[in-house]
Amino acid sequence: MTEFFVDITVDNNGTVQIEIPFDAAKSVAGDISNEPSLPSHEITFTAPAPTLIITRAAGQSESTITLPINFTVTFSEDVTGFDASGITIGGTAAGTATATVTGAGTTYNVAIAGVTANGTINITVKGNAAENSFGTFNALTGPGPNVTYWGIAPIPTITYVGADPTSASPINFTVTF
C-alpha cells in the first residue's frame, strides 16, 4: 500500500472535500487503474480573523494643542471596508469629535478632529469593521493609547465676594479658569 498526502490551498471560507476519480493512479505494472473513491469527509474552513494594533501615529505626541490627533491602525493582513464608521472615539474629550480614515492594505491613519474640550482622546476599532480576502472580519480592539488634548483656551471667570462699596484694601477677586 502506498500513501500519498494531499495539501489543499484554500482561498475562501467554506467547505473542502476531495475525491479521487477513476484512473487517477495505476498499478506498478501500469495495467490496473484505481476505482473512484467516495468523497472525503467535508471540512469547513474559516480563515482566522485579521488582528490589529492601535498606536499613536508617527510624530503624534502624547500631549498636543493641535488637531487633528492621529492614530495608526495596523492590521495583520490586507483588509478592505475599513472606514470611519468602524471607529469609536473615546476619552474624556471625545464629545462631538469626528474621525477620518485614510490608507489601504494593512496600514490606516485615523485623524481625529472637532474636539471641543480639553482632555484625553483614544480610539477603539469596532468588531466587523474590516474584512480579509477570505471574508473574515476583525474583532473589537481597543481602546488604543490616549493622547491628551489641551487646545481649548481656558475661559476666565472673575468673582468678587466682598462688600461693594468697600474701604478694605487690598480688594480680593477670585479668578477661575
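What you are looking at is a predicted structure, and each value in this text was computed from that prediction instead of being measured. Here the residue numbers are simple positions, counted from 1 along each chain's written sequence. Two thresholds apply to this predicted model, a pLDDT of at least 70 for residue-level local features and 80 or more for giving and counting side-chain atom pairs, whereas whole-chain, interface and lining totals are computed over all residues. By convention in this description, side-chain values take in all heavy atoms of the structure and omit both hydrogens and water.

Undergrad: Sorry, what's going on with the overall build of the protein chain here?
TA: By definition, any uninterrupted DSSP run of H or I lasting at least four residues is a helix, any uninterrupted run of E lasting at least two residues is a strand, and each is numbered from the N terminus. Counting its regular elements, the protein chain contains zero helices and 11 strands. In terms of C-alpha radius of gyration, the protein chain reaches 31 Å, well past the compact-globule figure of 16 Å for 177 residues. Referenced to the eigenvectors of the C-alpha coordinate spread, the extents of the protein chain come out at roughly 125 × 25 × 25 Å. Burial analysis of the protein chain (177 residues in total) assigns 26% to the buried set. In the protein chain, 58% of the contacts between residues at least 6 apart in sequence involve partners at least 24 apart. A 1.4 Å probe and the Shrake-Rupley method give the accessible areas. Residues count as covered only by the protein chains that appear here. On the protein chain, roughly 11500 Å² of surface is accessible, and the fraction owed to carbon and sulfur atoms is 58%. Put simply, the radius of gyration uses C-alpha atoms, and a globule should come to 2.2 Å times the residue count raised to 0.38. Exposure categories follow from relative accessible area, calculated using a 1.4 Å probe and restricted to protein chains: below 20% of the type maximum is buried, above 50% is exposed, and the middle band is partly exposed. Two residues form a contact once any of their heavy atoms are found within 4.5 Å.

Undergrad: I'm lost on the sheet that holds strand β5 (residues 69-79) in this one. Help?
TA: Where strands meet in a sheet, backbone hydrogen bonds hold them as pairs that are either parallel or antiparallel. With antiparallel pairing, the three strands of this open sheet are ordered in space as β3-β5-β7. Edge positions in the open sheet fall to β3 (52-56) and β7 (98-113), since each of these has one partner strand only. In this sheet, adjacent strand axes meet at a mean angle of 25 degrees when their direction is disregarded. Bridge analysis of β3 against β5 gives five bridges, and the strand direction is antiparallel. Across the sheet, residue Ile53 finds its bridge partner in β5, namely Thr74. By this definition, two strands are paired if DSSP reports at least two bridges between them. In this description, a line fitted to the C-alpha atoms serves as the axis of each element, helices being fitted only across the stretch in contact, and the angle between N-to-C directions of two axes falls anywhere from 0 to 180 degrees.

Undergrad: Please clarify how unusual backbone geometry should be interpreted in this entry.
TA: Along the chain, Leu67 connects to Pro68 via a cis peptide bond; the corresponding omega equals 5 degrees. By the element assignment, Pro68 lies in the loop between β4 (63-64) and β5. A positive phi is found at Asp23, a non-glycine position, where the angle reads about 70 degrees. For Asp23, the position within the fold is in the loop between β1 (14-16) and β2 (43-45).

Undergrad: Before we go on, may I ask you to explain the packing of aromatic side chains in this structure?
TA: What characterises a pair of aromatic rings is the spacing of the ring centres plus the angle enclosed by the ring planes. Between 30 and 60 degrees the pair is tilted, below 30 it is stacked and above 60 it is edge-to-face, where a pair is any two Phe, Tyr or Trp rings, Trp via its six-membered ring, whose centres lie within 6.5 Å. Considering all chains together, one arrives at five aromatic pairs under this definition. Relative to Tyr108, the ring of Phe75 has its centre 5.8 Å away and its plane inclined at 85 degrees; by these criteria the two rings are edge-to-face. Residue Phe75 is found in strand β5, and its partner Tyr108 is found in strand β7; the two are separated by 33 residues along the sequence. Phe75 sits in the buried class, given a relative accessible area of 4%. Within the aromatic cluster, the residues linked to one another by ring pairs are Phe75, Phe82 and Tyr108.

Undergrad: Explanation requested: the environment of Pro48 in the structure shown.
TA: By secondary structure assignment, the location of Pro48 is in the loop between β2 and β3. Residues Pro48 and Ser169, spaced 121 residues apart in sequence, show a C-alpha to C-alpha distance of 75 Å. Not counting residues up to four positions away in its chain, the partners in contact with Pro48 are Glu77, Asn132 and Thr136.

Undergrad: Whenever I open this one, the sheet that holds strand β6 (residues 87-90) confuses me. Can you help?
TA: With mixed pairing, the four strands of this open sheet are ordered in space as β4-β9-β8-β6. The open sheet terminates on both sides in strands that have one partner only, identified here as β4 and β6. Sheet topology places strand β8 (residues 119-125) next to strand β9 (residues 147-149); three bridges connect them, and they run antiparallel. Among the inter-strand pairings, Gly119 is bridged to a residue of β9, identified as Tyr149.

Undergrad: Looking at this model, I keep getting lost on the environment of Ile43. Mind explaining?
TA: Looking at the element boundaries, Ile43 is found in strand β2. Judged by relative accessible area, which is 45%, Ile43 ranks as partly exposed. Not counting chain neighbours up to four residues away, the residues in contact with Ile43 comprise Gly14, Thr15 and Val16.

It is worth stressing that arrangement in space is one thing and function is another; only the former is reported here.
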